[in-house]
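# Structural characterization, general
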Amino acid sequence: MVVEVSILDFIHYVIAGAGGGNDIQWCFSQVKGAVDDDVAEADIISTVEFNHSGELLATGDKGGRVVIFQQEQENKIQSHSRGEYNVYSTFQSHEPEFDYLKSLEIEEKINKIRWLPQKNAAQFLLSTNDKTIKLWKISERDKRPEGYNLKEEDGRYRDPTTVTTLRVPVFRPMDLMVEASPRRIFANAHTYHINSISINSDYETYLSADDLRINLWHLEITDRSFNIVDIKPANMEELTEVITAAEFHPNSCNTFVYSSSKGTIRLCDMRASALCDRHSKLFEEPEDPSNRSFFSEIISSISDVKFSHSGRYMMTRDYLSVKIWDLNMENRPVETYQVHEYLRSKLCSLYENDCIFDKFECCWNGSDSVVMTGSYNNFFRMFDRNTKRDITLEASRENNKPRTVLKPRKVCASGKRKKDEISVDSLDFNKKILHTAWHPKENIIAVATTNNLYIFQDKVN
Amino acid sequence: MSQKQEEENPAEETGEEKQDTQEKEGMLPERAEEAKLKAKYPSLGQKPGGSDFLMKRLQKGQKYFDSGDYNMAKAKMKNKQLPSAGPDKNLVTGDHIPTPQDLPQRKSSLVTSKLVG
């Protein structure tokens with residue numbers, strides 16, 4: 001049968017085949033964490049991040065701990081799956097503190113982890129809680145010196161008078177030890193709670209953002225920080241919006257964006273002035289005033305903003321949708337994807353149980369063709385920007401044998417529920433997927449449920 | 001992805017909505033939800049995104065405890081019970097004096113994460 005297609009259709013078909021989100025068959029790979037339902041607060045995962053090569057995957061939790069997984073080298077014989085992620089290092093990054101001066105309890109929860117690009121044998125990451133950012137060095141030690149003249153092997157000192165010959169200490173191999181040490185502590189620069197950190201493409205500076213201010217740091221300097229955005233009103237009674245997320249542009253070291261609780265994104269250029277209170281661009285989708293309700297502003301609050309790898313687009317996540325913005329167009333997003341529109345008729349109860357304030361994150365795949373975000377009932381969603389198809393998957397230990405293809409899920413908004421569909425009222429709103437991450441190069445994703453980390457990958461034939 | 005027309009549940013409609021002639025797709029459910037909320041909490045302010053809500057967000061983590069106030073209150077009360085924190089232990093305002101029992105225990109998390117093995 002001969003089918004007539006236009007050149008454009010043909011190109012779309014080819015692109016879709018080359019990694020479209022829904023032509024990928026996602027398979028369960030691994031799950032980390034406790035099986036029991038009784039979740040200790042400290043075990044709640046609060047951030048997930050791949051490093052620049054994708055070889056390392058870091059998680060942070062409410063207990064202030066960081067766990068880093070490393071992908072094992074591909075086994076050339078077992079070519080049916082990519083390497084598994086195994087524990088590489090774990091450490092206590094932050095501890096609970098109490099600010100006696102302000103009567104403030106400072107949680108140890110890790111809000112964000114951001115990796116630095118690798119410059120030498122060691123790995124570096126920034127981790128932050130509400131108030132303090134720390135630069136951690138993770139290094140490997142696989143040899144140790146032996147044969148000291150004045151020390152025994154166990155460390156005890158030898159009596160110098162018993163030394164009759166001299167020898168040169170040599171390095172001998174030892175079991176791999178991975179050590180994490182805090183190299184810099186960037187403290188006391190934030191009155192409000194830090195929600196974002198972002199490393200500049202110059203690899204020398206980074207920004208940290210709290211509810212009302214954004215600061216610029218140099219990675220080497222801990223006793224000084226420059227304030228580059230300050231939206232605190234002179235009179236706090238006039239406060240109408242807060243900063244919800246901020247990120248540096250992936251290529252332009254002078255450009256960053258920050259999102260607000262009112263659904264706007266401001267792009268700032270640090271070359272324009274020292275204090276970037278006046279934005280260079282303001283991205284806002286106009287709202288029909290007749291559509292306004294009590295919930296409008298709350299659900300328009302942006303919980304995450306992420307630049308595409310190309311730097312041409314940025315993605316925002318608000319309560320019900322994901323929007324893709326072209327940096328060249330401020331007046332509306334170029335693409336909008338509904339994550340769970342069926343929740344619009346549940347906003348009253350979602351307000352009462354505080355779920356309406358949940359902060360979902362979003363992420364791009366390596367080629368910027370697919371975006372992913374989480375939802376409730378341990379569901380997560382992927383949207384293919386080229387084919388315009390979307391898929392809902394579930395992170396669950398049931399029916400998850402390695403290399404089993406995940407079954408798409410469907411939520412029935414109203415009316416008769418089909419077989420295999422779940423009705424909105426049956427959704428478990430305590431099972432939320434707020435944090436997801438996509439490997440920078442491969443189709444491997446990390447999805448965090450409340451206290452478990454799932455790793456999925458595409459089916460490799 | 002095509003927008004599905006939300007199936008209107010007649011039971012959720014209030015008198016307000018029936019008079020609303022401007023039917024926007026997907027909006028009526030939101031308005032119906034708003035009506036539900038206002039019915040439950042009539043005193044809810046007009047500007048939900050305004051000062052009160054944001055101030056509460058900025059003040060997260062604030063736990064006021066003054067040992068002087070606490071001991072004075074204890075001395076005054078003597079045999080009477082100290083006023084308890086009430087259901088919302090996190091909201092400390094006005095005359096309520098926090099007691100050590102009200103403040104959540106500082107937890108120690110020097111235990112290895114369960115994600116490790």
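That block above? That's the structure.
Below is a short write-up of the structure. (Residues numbered from 1 in each chain as written. Chains lettered and ligands numbered in written order. Predicted model: local features only at pLDDT ≥ 70, side-chain atom pairs only at ≥ 80, totals over all residues. Heavy atoms only, no water.)

## Some remarks on the overall build of chain B
Summing up its helical and strand segments, chain B has four helices and zero strands in all. Going from the N terminus to the C terminus, chain B shows its helices and strands as α-α-α-α. Split into buried and exposed, the 117 residues of chain B put 27% on the buried side. Sequence-distant contacts in chain B: of pairs separated by 6 or more residues, those separated by 24 or more amount to 38%. Element-wise, carbon and sulfur atoms account for 52% of the exposed surface of chain B, whose accessible area totals about 8700 Å². (Helix = DSSP H or I, 4+ residues; strand = E, 2+ residues; numbered from the N terminus. Buried < 20%, exposed > 50% of the residue type's maximum accessible area, 1.4 Å probe, protein only. Contact = heavy atoms within 4.5 Å. Areas by Shrake-Rupley, 256 points an atom, 1.4 Å probe, with all protein chains shown as cover.)

## Focus: the sheet that holds strand β19 (residues 281-283) of chain A
All names here are of chain A. Taken together, four strands build an open sheet; the order of strands is β16-β17-β18-β19 and the sheet is antiparallel. Of all the strands in the sheet, the pair left with one neighbour each is β16 (243-248) and β19. Each strand of the sheet is rotated relative to its neighbour by a mean of 20 degrees, with strand direction disregarded. Sheet analysis places strand β17 (residues 255-260) next to strand β18 (residues 265-269), joined by five bridges and oriented antiparallel. Residue pairing for β18: S259 is matched across the bridge by I265. (Pairing = 2+ DSSP bridges. Axes fitted to C-alpha atoms, helices over the stretch in contact; angles between N-to-C directions.)

## Some details on the interface of chain B and chain A
Taken together, the contacts link 47 residues of chain B with 72 residues of chain A. For the pair chain B and chain A, the summed buried surface comes to about 4900 Å²; carbon and sulfur atoms form 54% of the total. Taken together, the connections running from chain B to chain A amount to four salt bridges. The partner of B:R57 in a salt bridge is A:D211, and the shortest N-O contact between them spans 3.4 Å. Between the two partners, chain B and chain A, sit twelve residue pairs in polar contact (both at pLDDT 80 or more). Secondary structure elements with two or more residues in the side of chain B that touches chain A: α2 (27-40) and α3 (51-58) of chain B. A per-element tally of the side of chain B that touches chain A places α2(B) first, with nine residues. Looking at the side of chain B that touches chain A residue by residue, the classes come out as 18 nonpolar, 13 polar and 16 charged. (Buried area = accessible area lost by both parts, 1.4 Å probe. Salt bridge = Lys/Arg side-chain N within 4 Å of Asp/Glu carboxyl O. Polar contact = N/O pair within 3.5 Å; in protein donor to acceptor, adjacent residues only side chain to side chain. Nonpolar A, V, L, I, M, F, W, Y, C, P; charged D, E, K, R; others polar.)

## A word on empty space enclosed by the protein
Applying the stated criterion across every chain, the model contains three cavities of 30 Å³ or more. Estimated volume of the largest cavity: approximately 40 Å³. Partitioned by chemical class, the residues of the lining of the largest cavity number two nonpolar, two polar and four charged. (1 Å grid on protein atoms, 1.4 Å probe; cavity = no way out; pocket = protein on both sides within 12 Å on 5 of 7 lines; lining within 4 Å. Points joined across faces, edges and corners; volume = space filled by probe spheres on them.)

## Overview of the pairing of strand β4 (residues 65-71) of chain A
All names here are of chain A. Among the seven residues that make up β4, six are buried, leaving the element largely enclosed by the rest of the structure. Relative to β4, strand β3 (residues 56-61) is paired through five bridges, and the arrangement is antiparallel. Of the residues in β4, the one forming a bridge with T59 is V67. Pairing geometry for β4 and strand β5 (residues 85-92), over seven bridges, is antiparallel. Opposite R65, over in β5, you have Q92 as the bridge partner.

## Section: the nonpolar core
Residues and elements named next belong to chain A. Formed by 22 residues in total, the largest nonpolar core has its most connected members in Y319, L343, L350 and I356. Among the secondary structure elements, those contributing two or more residues to this core are α2 (296-300) and α3 (347-352). Residue contributions to this core peak at four residues, all from α3. Sequence-distant contacts of L343, defined by excluding residues within four places in its chain, comprise Y319, L320, L350, Y376, V424 and F429. (Core = buried A, V, L, I, M, F, W, Y, C linked by side-chain atoms within 4.5 Å.)

## Structural notes on the environment of A:R385
All names here are of chain A. By secondary structure assignment, the location of R385 is in the loop between β26 (379-384) and β27 (390-394). Note: C-alpha distance between R385 and D425 (40 residues apart in sequence) is 30 Å. In this structure R385 touches Y313, I324, E335, Y337, W364, D368, S369 and V371, once residues within four positions along its chain are discounted. There is a polar contact of 2.9 Å between the side chain of R385 and the backbone oxygen of D368.

## Describing unusual backbone geometry
Residue and element names in this part refer to chain A. The residue Y203 is not glycine, and still its phi comes out positive at about 60 degrees. You can see Y203 is positioned in the loop between β12 (196-199) and β13 (205-209). Given a relative accessible area of 44%, Y203 falls into the partly exposed group. Unlike most non-glycine residues, D354 shows phi in positive territory, near 70 degrees. Looking at the secondary structure, you find D354 in the loop between α3 and β24 (362-364).

## Structural notes on the pairing of β3(A)
All names here are of chain A. Among the six residues of β3, six are classified as buried, and the element is accordingly described as predominantly covered. Neither face of β3 is left uncovered, since the one carrying L56, A58 and G60 and the one carrying L57, T59 and D61 both have all their residues buried. Pairing between strand β2 (residues 45-50) and β3: five bridges, direction antiparallel. Looking across to β3, one finds that V48 is bridged to T59. As consecutive antiparallel partners, β2 and β3 are separated by five residues, and within that stretch G54 has a phi angle of approximately 85 degrees, a positive value. Count of turn residues in the β3/β4 antiparallel hairpin: three residues, of which G64 carries a positive phi of about 80 degrees.

## Description of the side chain of A:Q457
With respect to the element layout, A:Q457 can be found in strand β32 (residues 453-458). Engagement of the side chain of A:Q457 in a polar contact is seen with the side chain of A:S29, the distance being 3.4 Å.

## Considerations on the sheet that holds strand β21 (residues 313-317) of chain A
All names here are of chain A. Pairing is antiparallel in the open sheet, where four strands are placed in the order β20-β21-β22-β23. Because the sheet does not close on itself, it has two edges, and the strands there are β20 (304-307) and β23 (335-338). Direction aside, neighbouring strands of the sheet carry axes that sit 15 degrees apart on average. Both strand β22 (residues 321-326) and β23 contribute to a ladder of four bridges, which runs antiparallel. Counted as the bridge partner of V322 is Y337 from β23.

Limitation: the analysis is restricted to geometry and does not speak to function.
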